[in-house]
Amino acid sequence: MLFLRVVKRLFVGGTSTPYLRWASARAMSSTSYQYETLNVSQPRDYVLQVELNRPDKRNAMNKAFWREMVECFTKVAVDPDCRAVVFSGAGKIFTAGLDVMDSADMFTPHPDDDAARKAKRLIDVVTRYQETFTVIEKCPKPVIAAVHNACVGGGMDLITACDIRYCSEDAWFQVKEVDIGLAADVGTLQRLPKVVGNDSLARELAYTARKMMADEALRCGLVSRIFADRESTITGALDTASLIASKSPVAVQGSKVSMVYSRDHSVPEGLQHVAIWNQCMLQSDDLMKAAMAAMEKKTATFSKL
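My aim in this report is to walk through the structure given alongside it, one point at a time. (Residues numbered from 1 in each chain as written. Predicted model: local features only at pLDDT ≥ 70, side-chain atom pairs only at ≥ 80, totals over all residues. Heavy atoms only, no water.)

Let us now look at the overall build of the protein chain. Across its full length, the protein chain carries twelve helices and nine strands. Against the compact-globule benchmark of 19 Å for 305 residues, the protein chain has a radius of gyration of 21 Å, which places it among compact chains. Dimensions along the principal axes, computed over C-alpha positions, put the protein chain at roughly 75 × 40 × 40 Å. Residues counted as buried form 47% of the 305 residues belonging to the protein chain. By sequence separation, contacts in the protein chain at least 24 residues apart represent 70% of the contacts at least 6 residues apart. A total of about 15400 Å² of accessible surface is found on the protein chain, and carbon and sulfur atoms cover 57% of it. Taking the average location of the 38 positive side-chain charges in the protein chain and that of its 36 negative ones, the two points are 6 Å from each other. (Helix = DSSP H or I, 4+ residues; strand = E, 2+ residues; numbered from the N terminus. Rg over C-alpha atoms; globule rule 2.2 N^0.38 Å. Buried < 20%, exposed > 50% of the residue type's maximum accessible area, 1.4 Å probe, protein only. Contact = heavy atoms within 4.5 Å. Areas by Shrake-Rupley, 256 points an atom, 1.4 Å probe, with all protein chains shown as cover. Lys, Arg positive; Asp, Glu negative; His and termini not counted. Charge placed at Lys NZ, Arg CZ, Asp CG, Glu CD.)

The next subject is the side chain of S168. Tracing the sequence through the fold places S168 in strand β6 (residues 164-168). Apart from residues lying up to four places away in sequence, S168 is in contact with V147, H148, N149, A214, I226, F227, A228, D229, R230 and T233.

For the rest of this paragraph, the subject is the nonpolar core. F73, L158, F173 and L222 are the most contacted members of the largest nonpolar core, which has 50 residues in total. Of all the elements, helix α2 (residues 63-78) adds the most residues to this core, at six residues. Among residues more than four places away in sequence, those in contact with L158 are M61, F65, M69, F87, F94, F133 and I136. One finds F227, A237, L238 and I244 within the second-largest nonpolar core, a separate group that totals 15 residues. (Core = buried A, V, L, I, M, F, W, Y, C linked by side-chain atoms within 4.5 Å.)

For any two helices packed against each other, the geometry is given by the interaxial angle and the distance between the axes. Axis separation between helix α10 (residues 249-263) and helix α11 (residues 267-281) bottoms out at 9 Å; the angle between their running directions is 160°. As summarised for this structure, α10 and α11 are arranged roughly antiparallel, according to the angle between their axes. The handedness of the crossing between α10 and α11 comes out as right-handed. Judged by residue contacts, V250, G254, V257, S258, Y261 and S262 of α10 engage E269, G270, H273, V274, W277 and M281 from α11. Looking at side-chain class alone, the contact of α10 with α11 contains six nonpolar, five polar and one charged residues. (Axes fitted to C-alpha atoms, helices over the stretch in contact; angles between N-to-C directions. Parallel < 35°, antiparallel > 145°, perpendicular 65-115°, else oblique. Left-handed = near helix turned anticlockwise from the far one by under 90°. Nonpolar A, V, L, I, M, F, W, Y, C, P; charged D, E, K, R; others polar.)

Considering all chains together, one arrives at six aromatic pairs under this definition. Here the aromatic rings of F65 and F133 are separated by 6.3 Å at their centres, their planes lie at 50°, and the arrangement is tilted. Here F65 is found in helix α2, whereas its partner F133 is found in helix α4 (residues 115-138), with 68 residues between them in sequence. Across the pair, exposure class does not vary: F65 and F133 are buried alike. On the basis of an interplanar angle of 65° and a centroid distance of 6.2 Å, the ring pair of F87 and F94 is categorised as edge-to-face. Exposure class is identical for F87 and F94. Each is buried. By the ring-pair criterion, three or more aromatic residues cluster together here, those being F65, W66, Y129 and F133. The positively charged end of R83 is found above the aromatic ring belonging to Y46, 4.1 Å away from the centroid. Lying over the aromatic face of W172, K211 brings its terminal NZ or CZ to 4.1 Å of the ring centre. (Phe/Tyr/Trp six-rings, centres within 6.5 Å; stacked < 30°, edge-to-face > 60°. Lys NZ or Arg CZ within 6 Å of the ring centre and 35° of its normal.)

Looking now at the pattern of salt bridges. The final tally for this structure, using the stated rule, is 22 salt bridges. Notably, a salt bridge pairs R54 with D99, separated by 3.1 Å at the nearest N-O pair. Linking R54 in the loop between β2 (47-52) and α2 with D99 in the loop between β3 (84-89) and α3 (100-103), this pair joins segments that are 45 residues apart in sequence. D99 carries the same exposure label as R54, and that label is buried. A salt bridge links K256 to D163, with the shortest nitrogen-to-oxygen separation between them at 2.9 Å. (Salt bridge = Lys/Arg side-chain N within 4 Å of Asp/Glu carboxyl O.)

In structure tokens:
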């Protein structure tokens, strides 16, 4: 009964209660993140910043990038010192999308191959590239995209796989693939309609390759906040990531897993999924810790997950 009264007091207080603010010593990640195309840092407690780091190439996505994204987010998924991620781009723009020159040979079949073998090689490449962004969705840690200036082609595939999207006032977005003679095939066509909730708009963007500016992106729900410039966009994303990191990692990661599952399933299936999930997770110490911290007006400190 005491536990039920504590939980009741916790939730009656509403989401604005200040009792669960984070105040632990900075938790530095012990995981090593060393990459050619990505710069990984830890600017806040339990928050990683993953930055696409090819500014001299307009952050174009070369072959190393497609491989390193999978390696990076596979590590992030199991890093106990990371509870949220901010993804940004170095330099003048977020990303120009696919590095066509660097990747050209990936799509050039061997001249001696027959049609079946050419097709097999190509589908292997495409499925491997799809995993580059699906790995963001599979990662149980929330990922916030902080977009500035141009977000083109593969950039749209990347940000639609993220949980939250912020952008600067000068940001613009473009599903560019039809302009280079192909259908987008690594996530945009599947995720964008669900992100914006407007099938007509998603088709318009995919068929025309027109630019969407920041104000339209906000109106349609592609992004949830606009900031003045790159620096303030990243700061805003880091602030949100820090707030997320202050919550129970059991609760946050369970919420992401459930929301991703429910997006692609019916409501009854989603309800069953979260019930099965919570039959284990409701036995976590985090529930009691949060409740007791609220009652005692102290800071809740949650164990690593």
